[in-house]
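Structural overview
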Amino acid sequence: MPGRFITIEGIEGVGKTTQARLLARALERAGSAVCLTREPGGTPEAEALRTLLLRGSFDWSPRAEALLHFAARAEHVDRVIAPALARGEWVISDRYSDSTMAYQGYGQGSDRSFIGGLRRLLALDPDLTIILDLPLEVARTRLAGRGLPLFERAEGPGSTAEKDRYEALGQDFFARVREGFREIATAEPERCLMLDSTGAIPAVHEQILAAVLEHFMVAPAQ
Ligand code: T5A
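Quick look at the structure, then. (Residues numbered from 1 in each chain as written. Predicted model: local features only at pLDDT ≥ 70, side-chain atom pairs only at ≥ 80, totals over all residues. Heavy atoms only, no water.)

A closer look at the pattern of salt bridges
Inspection of every chain in the model, using the stated rule, returns 13 salt bridges. The residue Arg-38 makes a salt bridge to Glu-47 at a minimum N-O spacing of 2.7 Å. On the basis of relative accessibility, which here comes to 35%, the residue Arg-38 falls in the partly exposed class. Taking relative accessible area as the criterion, Glu-47 reaches 24% and is therefore assigned partly exposed. Measuring nitrogen to oxygen at the nearest pair gives 2.6 Å for the salt bridge that ties Arg-79 to Glu-75. One end of the pair is Arg-79 and the other is Glu-75, both in helix α3 (residues 62–86) and 4 residues apart, which spans about a single turn. Among the residues examined, Arg-79 registers a relative accessible area of 53% and is labelled exposed. One salt-bridge network, held together by shared partners, links Asp-98, Arg-119, Asp-125, Glu-188 and Arg-191. (Salt bridge = Lys/Arg side-chain N within 4 Å of Asp/Glu carboxyl O. Buried < 20%, exposed > 50% of the residue type's maximum accessible area, 1.4 Å probe, protein only. Helix = DSSP H or I, 4+ residues; strand = E, 2+ residues; numbered from the N terminus.)

Below you can see the structure in the form of structure tokens.
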């Protein structure tokens, strides 16, 4: 039986990592084999590209930046995602192609048709994408709770947290990225489900689990 491919998307602080882990645990408890992974990253080579993209102080041309994200993604697909799906596992990826469209396309103004073309060339779309949505102020409060204030990181006196290249791009950038995710969800309703993630962690998890079970028509574990 072929595996199932689920991606979790949204701006920083919406709870992707938290919810990806909870979903993986729930599916494992129900007896499924799960591959939990993330982007950019997932293999040593793709993690090296992540370091370049997030920690480097480079000013890539927009197309080069999109290509670097897709280079990391091709590595991730070829070495992790496709093999896991071939083994019949559930693959849960914390970010995937929609992040490139939202961050580089909508956020940074890179050519969206170029990014769409790269996605078609890669030729592996998720079966289901959960887009978590949250007002920017709530995301900022959540990240501040763990010492990582969104678009203020490391700017305040005495701040010790380190910003990555995207987190440093400011409130207008994140507003465009959020709007990008909303437009992606509207454009592809069969694949994408946008969920409000303002609720408590267990409540958001219940919503996601119900959506996954319904999408794949799997009976809940007794
Ligand atoms: N990027 C990535 C691109 O530009 N293009 C691309 O193609 C790709 C793939 C990756 C960066 O790269 C960019 C996007 C990003 O800028 P990352 O660190 O992998 O960076 O991703 P982030 O989104 O930055 O991860 P975060 O950890 O910041 O956000 P999450 O995963 O959405 O949030 P999470 O789960 O870590 O939770 C944040 C905090 O909120 C709490 C958690 O406990 C945690 O403290 N929380 C809640 N609190 C209250 N109620 C809830 N419901 C909560 N859910 C979580």
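A closer look at the layout of surface pockets
Each pocket or cavity is described by its volume, and for the largest pocket that value is around 970 Å³. Around the largest pocket, the lining comprises 40 residues; the ones closest to its centre are Glu-12, Lys-16, Thr-17, Arg-95 and Arg-146. Counting residues per element, the lining of the largest pocket draws most heavily on helix α1 (residues 16–29), at 6 residues. Classifying every residue of the lining of the largest pocket gives 12 nonpolar, 13 polar and 15 charged. (1 Å grid on protein atoms, 1.4 Å probe; cavity = no way out; pocket = protein on both sides within 12 Å on 5 of 7 lines; lining within 4 Å. Points joined across faces, edges and corners; volume = space filled by probe spheres on them. Nonpolar A, V, L, I, M, F, W, Y, C, P; charged D, E, K, R; others polar.)

A closer look at the sheet that holds strand β3 (residues 90–94)
Taken in spatial order, the 5 strands line up as β2-β3-β1-β4-β5 in an open sheet, and their pairing is parallel. One side of each edge strand has no neighbouring strand; the edge strands of this open sheet are β2 (34–38) and β5 (192–196). Direction aside, the axes of adjacent strands within the sheet are offset by 20° on average. Of the pairings in the sheet, the one linking strand β1 (residues 4–9) to β3 comprises 5 bridges and is parallel in character. Paired with Ile-6 across the two strands is Ile-92, which belongs to β3. Here α1 sits on the sheet in contact with β1, β2, β3 and β4 (128–133), set at roughly 170° to β3. (Pairing = 2+ DSSP bridges. Axes fitted to C-alpha atoms, helices over the stretch in contact; angles between N-to-C directions. Contact = heavy atoms within 4.5 Å.)

Description of the packing of α3 against helix α4 (residues 97–107)
α4 packs onto α3 with a crossing angle of 165° between their chain directions and a minimal axis gap of 10 Å. Judged by the inter-axis angle, α3 sits roughly antiparallel to α4. Of the two elements, α3 crosses α4, and the hand of that crossing is right-handed. Residue-level contacts link Glu-65, Ala-66, His-69, Phe-70 and Arg-73 of α3 to Ser-97, Thr-100 and Gln-104 of α4. (Parallel < 35°, antiparallel > 145°, perpendicular 65-115°, else oblique. Left-handed = near helix turned anticlockwise from the far one by under 90°.)

As for the site of the ligand
Neighbouring the ligand are 28 residues, the closest being Glu-12, Thr-17, Thr-18, Arg-95 and Thr-100. The contact in question runs from an oxygen atom of the ligand to an N or O atom on the side chain of Thr-18, over 2.5 Å. The side chain of Arg-142 places a nitrogen or oxygen atom 3.2 Å from a nitrogen atom of the ligand. A molecule is said to occupy a pocket when more than half its atoms come within 2 Å of that pocket's grid points, and by this definition the ligand occupies the largest pocket. Elements with a contribution of two residues or more to the shell around the ligand: α1, α2 (44–55), α3, α4 and α6 (136–145). For the shell around the ligand, the residue count by class is 9 nonpolar, 10 polar and 9 charged. (Near = heavy atom within 4 Å. Polar contact = N/O pair within 3.5 Å; in protein donor to acceptor, adjacent residues only side chain to side chain. Sits in = over half its atoms within 2 Å of the grid points.)

Considering the packing of aromatic side chains
Within this structure, the stated rule accounts for 8 aromatic pairs. Look at Phe-173 and Phe-174: their rings are 5.1 Å apart centre to centre, the planes differ by 80°, and that puts the pair in the edge-to-face class. Note on Phe-173: relative accessible area 3%, which makes it buried. Above the face of the Phe-114 ring, Arg-63 is positioned so that its terminal group lies 5.1 Å from the ring centre. Positioned above the aromatic ring of Phe-70 is the side chain of Arg-73, whose terminal nitrogen or guanidinium carbon lies 4.6 Å from the ring centre. (Phe/Tyr/Trp six-rings, centres within 6.5 Å; stacked < 30°, edge-to-face > 60°. Lys NZ or Arg CZ within 6 Å of the ring centre and 35° of its normal.)

Side note on the environment of Trp-90
The topology assignment puts Trp-90 in strand β3. Given a relative accessible area of 5%, Trp-90 falls into the buried group. Once the C-alpha coordinates of Trp-90 and Glu-28 are considered, the two residues, 62 residues apart in sequence, prove to be 9.4 Å apart.

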